[in-house]
Amino acid sequence: MFRLFVSVGVDPPAVLLFPCLGGEQWCDFRGSFSSIKMQDPNEDTEWNDILRKKGILPPKEEPKDDEEEELALQQQSVVKTYEDMTLEELDENEDEFGEEDEAAIEMYRKQRIAEWKATQLKNVFGEVAEISGQDYIKEVNKAGDGIWVVLSLYKQGIPLCALINQHLTVLAKKFPQTKFLKSISTTCIPNYPDRNLPTIFVYFEGEMKAQFIGPLVFGGMNLKVDELEWRLSESGAVKTDLEENPKKQIEDKLMSSIRCSLPAGKDSDSEDEDY
């Protein structure tokens, strides 16, 4: 049997429960409360168990197993990881996540796709814009994250420059996510030599990735729009659907026509010489 005592001489009042010796006898408690050493309520003792049963102490928390704690930490770590992942990173690390994370990961994947689509819609150009030297830093060097820039330097009166700008107008409509620009050479770069025209500079996020300088690089006035598209795709500026270099097809046809035009006895003469 237990008796409940409340000390009113201390602030806050202390609540103590003392066991009686048995039957209906009252407990005989003498002495001051200040001399009593309080037990740790979290200790696993018989006395604390009695206090918990009486509702004086809260129920004891069961400690988690080490494996459960480790799993919980891993799950927290995974959540923090895929919250910051890009769409590509989510796809690459898909096998590392557990089944319980699939719903959250799918949500983040849809969010990343929506962000990507919004960026694509925002970064639509579709034409060849004219710039001056004052616009160079803003339009080229500070074009933005993930932006490819194709800059054509030209001058009036040079036929190949006019042809390339015509081709770029076609490609700008086909690849609206790429920023196509043109500028009069000496306006953009003072004293730029005419012998280097036409010139195309390719930039990505403000860094030059490729340059095409002079008429010989472009193959003269026979340059086709798909050939220029292929050259730009090799630099990364556009994502072409061409499966191979169209120039190669022309070269193959040229070589085939040359072989067909050789004299019929040429090969037989060579065979006789070998003997």
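Note on numbering: residues in each chain are counted from 1, in written sequence order. Local features in this predicted model are restricted to residues whose pLDDT is 70 or higher, and side-chain atom pairs enter the listing and the counts only when it is 80 or higher, whereas totals over whole chains, interfaces and linings include all residues. Only hydrogens and water are set aside when side-chain values are computed; all heavy atoms of the structure are taken into account.

**Considering the packing of aromatic side chains**
- Side-chain rings of Phe, Tyr and Trp, where Trp is taken by its six-membered ring, are said to pair if the distance between their centres is within 6.5 Å; with planes under 30 degrees apart they count as stacked, over 60 as edge-to-face, and otherwise as tilted. Tallied over the full model, the rule gives three aromatic pairs.
- With a centroid separation of 6.3 Å and an interplanar angle of 85°, the aromatic rings of tyrosine 136 and tyrosine 203 are classed as edge-to-face. With tyrosine 136 in helix H5 (residues 136–141) and tyrosine 203 in strand E6 (residues 199–204), this residue pair connects regions lying 67 residues apart in the sequence.
- Judged by relative accessible area, which is 16%, tyrosine 136 ranks as buried.
- Residue classification places tyrosine 203 among the buried positions, given a relative accessible area of 6%.
- With 6.3 Å between their ring centres and 50° between their planes, phenylalanine 212 and phenylalanine 218 make a pair best called tilted.
- Relative accessible area decides the class of each residue, using a 1.4 Å probe on protein chains only: under 20% of the type maximum gives buried, over 50% gives exposed, and in between gives partly exposed. Judged by relative accessible area, phenylalanine 212 falls into the buried class, the value being 10%.
- Residue phenylalanine 218 is classed as buried on the basis of its relative accessible area of 6%. The way it works is that DSSP assigns letters per residue, a run of H or I at least four long becomes a helix, a run of E at least two long becomes a strand, and they are numbered from the N terminus.

**Here we look at the pairing of strand E5 (residues 179–184)**
- DSSP bridges decide pairing: two strands pair if at least two such bridges lie between them. Where strand E3 (residues 128–130) lies against E5, three bridges are found, and the strand directions are parallel. Counted as the bridge partner of alanine 129 is leucine 181 from E5.
- Sheet topology places strand E4 (residues 148–154) next to E5; six bridges connect them, and they run parallel. What sits directly across from leucine 153, in E5, is serine 183.
- For the handedness criterion, the strands are oriented away from the viewer, and a crossover whose path from the first strand over the helix to the second runs clockwise is classed as right-handed. Taking the sense of rotation as the criterion, the β-α-β connection linking E4, helix H6 (residues 159–174) and E5 turns out right-handed.

**Describing the packing of H6 against helix H9 (residues 225–235)**
- Between H6 and H9, the least distance of the axes is 10 Å, while the angle of their chain directions is 65°. As summarised for this structure, H6 and H9 are arranged roughly perpendicular, according to the angle between their axes. Between H6 and H9 lies a crossing of right-handed hand. Taking contact as the criterion, the partners of Ile164, His167, Leu168, Val170, Leu171 and Lys174 in H6 are, on H9, Val225, Leu228, Glu229 and Leu232.
- Of the residues assigned to the contact of H6 with H9, the class counts are seven nonpolar, one polar and two charged. Angles shown run from 0 to 180 degrees and are taken between the N-to-C directions of axes, each axis being a line fitted to C-alpha atoms and, for helices, limited to the stretch in contact. Note on angle classes: values under 35 degrees are labelled roughly parallel, values over 145 roughly antiparallel, values of 65 to 115 roughly perpendicular, and the remainder oblique. Helix crossings get a hand from a simple test, with the near helix turned counterclockwise from the far one by less than a right angle marking a left-handed crossing and a clockwise turn marking a right-handed one. Note on contacts: a residue pair qualifies if any of its non-hydrogen atoms lie within 4.5 Å across the two residues. Under this grouping Gly is polar, as are all residues other than the nonpolar Ala, Val, Leu, Ile, Met, Phe, Trp, Tyr, Cys and Pro and the charged Asp, Glu, Lys and Arg.

**What about the pattern of salt bridges?**
- Salt bridges, as used here, are contacts in which a Lys or Arg side-chain nitrogen is within 4 Å of a carboxyl oxygen on Asp or Glu. All chains considered together, the criterion is met by five salt bridges.
- In this structure, the salt-bridge partner of glutamate 229 is lysine 174, at a minimum N-O distance of 3.1 Å. Of this pair, glutamate 229 sits in helix H9 while lysine 174 sits in helix H6; the two residues are 55 residues apart in sequence, bridging distant segments of the chain.
- The salt bridge partner of aspartate 241 is lysine 174, with a shortest N-O separation of 3.6 Å. Pair noted here: aspartate 241 is in the loop between H9 and helix H10 (246–261) and lysine 174 is in helix H6, with a separation of 67 residues, a long-range link.
- The network of salt bridges with shared partners includes Lys174, Glu229 and Asp241.

**Side note on H6**
- If you check H6, its first and last C-alpha atoms are 23 Å apart, about what 16 residues at 1.5 Å a residue would give, namely 22 Å.
- All of the buried residues in H6 are Leu160, Cys161, Leu163, Ile164, Asn165, His167, Leu168, Leu171 and Ala172.
- Structurally, H6 contributes buried residues whose contacts are with E3, E4, E5, E6, helix H8 (215–218) and H9. In this scheme, a helix's expected span is set at 1.5 Å multiplied by one less than its residue total.

**Concerning the side chain of threonine 199**
- Looking at the element boundaries, threonine 199 is found in strand E6.
- Judged by relative accessible area, threonine 199 falls into the buried class, the value being 0%.
- Two N or O atoms count as a polar contact when they lie within 3.5 Å, although within protein this holds only if one can serve as hydrogen donor and the other as acceptor, and sequence-adjacent residues are included solely when both atoms are side-chain atoms. A polar atom in the side chain of threonine 199 sits 2.9 Å from the side chain of tyrosine 192.
- Here asparagine 196 takes part through its backbone oxygen, which lies 2.4 Å from a polar atom of the side chain of threonine 199.
- Dropping the residues within four chain positions of it, threonine 199 is found in contact with Leu151, Ser152, Leu153, Tyr192, Phe212, Ile213 and Gly214.

**Observations regarding the environment of isoleucine 189**
- Following the sequence through the fold, isoleucine 189 ends up in the loop between helix H7 (185–188) and E6.
- The class of isoleucine 189 is partly exposed, set by a relative accessible area of 28%.
- Through-space distance from the C-alpha of isoleucine 189 to that of glycine 133 is 6.8 Å; in sequence the pair is 56 residues apart.

**A short note on the side chain of serine 233**
- Looking at the element boundaries, serine 233 is found in helix H9.
- Accessibility expressed as a relative area gives 16% for serine 233, which makes it buried.
- Apart from the residues within four sequence positions on either side, serine 233 is in contact with Val238 and Thr240.

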